[in-house]
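Chain by chain, the residues run as shown.
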Amino acid sequence: MDFIIEYYFDFGLMFDEFDRVIDGFWFTIKLSVLGGVLSLLWGLVLAVLRQLPGRALAPVRGLVIAYIDVFRGIPLLLVLFIVSGALSAFSAPSQQIIPREIGIPEWFGQSAPFWYGIISLTITYGAYMAEVYRAGIEAVPRGQMEAARSLGMSHGQSMRHVVVPQAVRTVIPPLLNDFIALMKDTSLVSVIGLIEVVQAGRDVQSEFFNGSALVLGALLFLAVTIPLARLVDRLISGQQARFQRAQASPA
Amino acid sequence: MSPSGEAMLELQGVHKRFGELHVLRGIDLEVPRGSVVCVIGPSGSGKSTLLRCVNLLEPPDEGRILLEGKEITGEGLRDGVNFVRRRVGMVFQEFNLFPHRTAHDNVALAQQKVLDRGGTEARDKARGLMERVGLADKVDEYPDRLSGGQQQRVAIARALAMDPHVMLFDEVTSALDPELIKEVLDVMRQLAEEGMTMVVVTHEMGFARDVGDRVAFMDDGIVLEQGTPREVLDEPKNERTKRFLGLVLER
């Protein structure tokens, strides 16, 4: 028992190595926020493309569906290896298929593994979030689109001003759930050499034969994810209350 | 019958199928400029589909539709959609107001996006129309704060904001509590007196009799009988018209 407490809850060690862990956590936050925002946008683009009307645009819809099927169906870890491997290999001096600045990105002073992580998270979570948006868009009554079209608005205008604003409101809670999942998955980026919070904890663990830095990392995660989960709960119960009010009020 | 040059709207042999379901089986109908044509008939007879074909929410499979003498079907369909939606306003059974926008914004939105009206012009127009439908004090309310009758009057104002030449009404009082029906019918009556061309699908026989210039009885996808309200409602020649009116007036 004492051993367990000493191994996982050595507060002295947590204090001494706090800077290292927090540096890692800062990467986790940056990956989560930037990857999250880009996934939200990319997912919305995919969802809207998937709803394009008419026979002529069926190939676009087909491509989007195929994309979503593929990236929902393979592990993020695999995407990370493929993205980092492909980009660095194709920009190697012997290949030069893509420019080096894109193949080994170091934009805004961040390392290439960081950007490989951002790209992979966006590719994968964009596909998840596209499905969430789709559910929201399809839950908006048909009559909304028809009313907008009957007023002369184009399909695009109707989506932009009428359907999507209503859809986004209803899917904020599930999108936040996906964001929590994305945040936890940022730890996978450690496999291509980025020292985020989990890797920082492992480094400390192997140096001192003590897992307390991992527990510290867990606590840092929980400090963000638990409030987010509560926020999701509150949003959902607020929505339910509004829904019940709408049901109760006479037509 | 007025000469066809006078017709605001003309349907010639219009057919519509949904898969196996043959909903419209050759509709001929003429709507003279400034007249009110009421379409009556049992549920499922194709009345709503008829209106939805006229504003091309459902393009007809066969037959021709002429609006102000211009064919909007067949070869004309390509640029027909914009031509129609700029000239034909529609009001729906379920109101279909945009729930995330105030009454004012519901009336102003399409003016700004489709007609490129500036904010002030659209606002003045919206306020004027809200006053006209008797809701000057409700401009800043959201739809869920309005009664069904009020919502439907906003929907009428929203359609009028686009300066339509023809208004289509699709069972606009069917979803309303009985005591709210009159306020909507009064607005429509006033509109008819001002000379608006109207096609009104309705179960309100009193309205058809008082306001309608012509009444068309539809059953099973065809217009079985049409004429003045007196001819169709008081002295129906067709057996099915008689039976339908018998059932409706028995209520």
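Above this text you will find the structure in question.
Below is a short write-up of the structure. For every chain, the first residue of the written sequence is number 1, and numbering continues from 1 onward in sequence order. Chains carry letters and ligands carry numbers; both start at the beginning, A for chains and 1 for ligands, and go up in the order they are written. Whole-chain, interface and lining totals are the exception, using all residues; otherwise, since this is a predicted model, local features are given only for residues with pLDDT of at least 70 and side-chain atom pairs are given and counted only at 80 or more. The side-chain figures draw on all heavy atoms in the structure; neither hydrogens nor water molecules are used.

## Details of the overall build of chain A
Only DSSP runs of H or I reaching four residues or more are called helices, and only runs of E reaching two or more are called strands; each is numbered from the N terminus. Of regular secondary structure, chain A possesses 11 helices and 0 strands. The order of helices and strands in chain A, counted from the N terminus, is α-α-α-α-α-α-α-α-α-α-α. On the principal axes, the C-alpha backbone points of chain A span a range of 70 × 60 × 30 Å. Each residue gets one of three labels from its accessible area relative to the maximum for its type: buried under 20%, exposed over 50%, partly exposed in between, using a 1.4 Å probe on protein chains only. Sorting the 251 residues of chain A into buried and exposed places 42% on the buried side. The contact rule is simple, with two residues in contact once any of their heavy atoms fall within 4.5 Å. Once local pairs closer than 6 in sequence are excluded, the contacts in chain A between residues at least 24 apart make up 74%.

## Things to note about the side chain of N106 of chain B
Residue and element names in this part refer to chain B. Structurally, N106 can be placed in helix 3 (residues 103–114). Under the rule applied, a polar contact is a pair of N or O atoms within 3.5 Å (in protein, one hydrogen donor and one hydrogen acceptor; residues adjacent in sequence only if both atoms are side-chain atoms). Here R101 takes part through its backbone oxygen, which lies 3.1 Å from a polar atom of the side chain of N106. Beyond its immediate sequence surroundings of up to four residues, N106 is in contact with L97, F98, R101, P143, V154 and R158.

## Some words on the environment of T197 of chain B
Residues and elements named next belong to chain B. One can find T197 in strand 8 (residues 197–201). Residue T197 is classed as buried on the basis of its relative accessible area, which comes to 2%. Not counting residues within four places of it along the chain, the set of residues in contact with T197 comprises M8, V31, P32, R33, G34, S35, H165, V166 and M167.

## Considering empty space enclosed by the protein
All names here are of chain B. Throughout, the protein atoms alone are placed on a 1 Å grid, and a set of points is a cavity if a 1.4 Å probe fits but cannot get out or a pocket if it is open with protein on both sides within 12 Å along at least five of seven lines; lining residues have an atom within 4 Å of a point. Grid points are joined across faces, edges and corners, and a volume is the space filled by probe spheres set on the points. In the structure shown here, the tally under the stated rule is 1 cavity of 30 Å³ or more. Quantified by volume, the largest cavity comes out at close to 30 Å³. Taken together, R132, L160, V187, Q190, L191 and E194 form the lining of the largest cavity. Classification convention: Asp, Glu, Lys, Arg as charged; Ala, Val, Leu, Ile, Met, Phe, Trp, Tyr, Cys, Pro as nonpolar; all other residues, Gly among them, as polar. When its residues are assigned to classes, the lining of the largest cavity shows 3 nonpolar, 1 polar and 2 charged.

## Quick word on the sheet that holds strand 6 (residues 88–91) of chain B
All names here are of chain B. In this description, strands pair whenever DSSP reports at least two bridges between them. In space, the 6 strands of this open sheet follow the order 6-7-8-3-9-10, with mixed pairing throughout. Both outer strands of the open sheet, strand 6 and strand 10 (222–227), are each paired with one neighbouring strand and no more. Averaged over all pairs of adjacent strands, the angle between strand axes in this sheet comes to 20°, irrespective of strand direction. As judged from the 5 bridges shared by strand 7 (residues 166–170) and strand 8, these two strands associate in the parallel manner. Bridge pairing links M167 to M198 in strand 8. Structural elements are reduced to axes, namely lines fitted to C-alpha atoms, with helices fitted over the stretch in contact, and the angle between N-to-C directions of any two is expressed from 0 to 180 degrees.

## Some details on the packing of helix 3 of chain B against helix 4 (residues 119–132) of chain B
All names here are of chain B. For the pair helix 3 and helix 4, the least separation of the axes is 9 Å and the interaxial angle reads 130°. Considering their axes alone, helix 3 and helix 4 lie oblique with respect to each other. In terms of crossing hand, the pair formed by helix 3 and helix 4 is right-handed. Within the contact between the two elements, helix 3 uses A103, H104, V107, A108, Q111 and Q112 and helix 4 uses G119, E121, A122, R123, K125, A126, L129 and M130. Within the contact of helix 3 with helix 4, the residues separate by chemical class into 7 nonpolar, 4 polar and 3 charged. Roughly parallel refers to an angle under 35 degrees, roughly antiparallel to one over 145, roughly perpendicular to one between 65 and 115, and oblique to any angle outside these ranges. What makes a crossing left-handed is the near helix being turned counterclockwise from the far one by less than a right angle; a clockwise turn instead makes it right-handed.

## Some remarks on helix 5 (residues 148–160) of chain B
Spanning 13 residues, helix 5 of chain B covers 18 Å between terminal C-alpha atoms, matching the ideal 18 Å at 1.5 Å per step. Most of helix 5 of chain B is tucked away, with 13 of its 13 residues classed as buried. Take the residue count of a helix, subtract one, and multiply by 1.5 Å to get its expected span.

## Examining the environment of P99 of chain A
Summarising the element assignment, P99 of chain A is placed in the loop between helix 5 (76–90) and helix 6 (100–103). Residue class for P99 of chain A comes out partly exposed when judged on its relative accessible area of 40%.

## Some points on the pairing of strand 1 (residues 7–18) of chain B
Residues and elements named next belong to chain B. As judged from the 9 bridges shared by strand 1 and strand 2 (residues 21–32), these two strands associate in the antiparallel manner. Residue A7 lies in a different strand from strand 2, and its bridge partner there is P32. Hairpin remark: strand 1 followed by strand 2, antiparallel, with 2 residues in the connecting loop; positive phi at G19, about 60°. Strand direction decides the pairing type here: strand 1 and strand 4 (residues 62–67), joined by 5 bridges, are antiparallel. Residue pairing for strand 4: E10 is matched across the bridge by L66.

## Regarding the interface of chain B and chain A
On the chain A side, the residues contacting the 26 residues of chain B number 19 residues. Salt bridges are identified by distance alone: a Lys or Arg side-chain nitrogen within 4 Å of an Asp or Glu carboxyl oxygen. Here chain B is connected to chain A by 1 salt bridge. With a closest N to O distance of 2.6 Å, E146 of chain A and R52 of chain B form a salt bridge. Our enumeration of links across chain B and chain A arrives at 5 residue pairs in polar contact (both at pLDDT 80 or more). For the side of chain B that touches chain A, the elements supplying multiple residues, two or more each, are strand 6, helix 3 and helix 5 of chain B. Considering every element that reaches the side of chain B that touches chain A, the biggest residue donor is helix 3 of chain B, with 4 residues. Counted by class, the side of chain B that touches chain A contains 14 nonpolar, 5 polar and 7 charged residues.

## A short note on the nonpolar core
Among buried residues, those of type Ala, Val, Leu, Ile, Met, Phe, Trp, Tyr and Cys that are joined through side-chain atoms within 4.5 Å constitute a nonpolar core. Counting residues in hydrophobic clusters, the biggest one holds 54 residues, and the most contacted among them are L9, L11, I27, L50, L67 and L168 of chain B. Top element by residues in this core is helix 9 (residues 155–185) of chain A. It accounts for 7 residues. Leaving out residues up to four positions away in the same chain, I27 of chain B has contacts with L11, Q12, G13, V14, L50, M218, G221, I222 and V223 of chain B. Counting residues in each nonpolar core, the second largest holds 50 residues, with L185, V187, M188 and M196 of chain B among its members.

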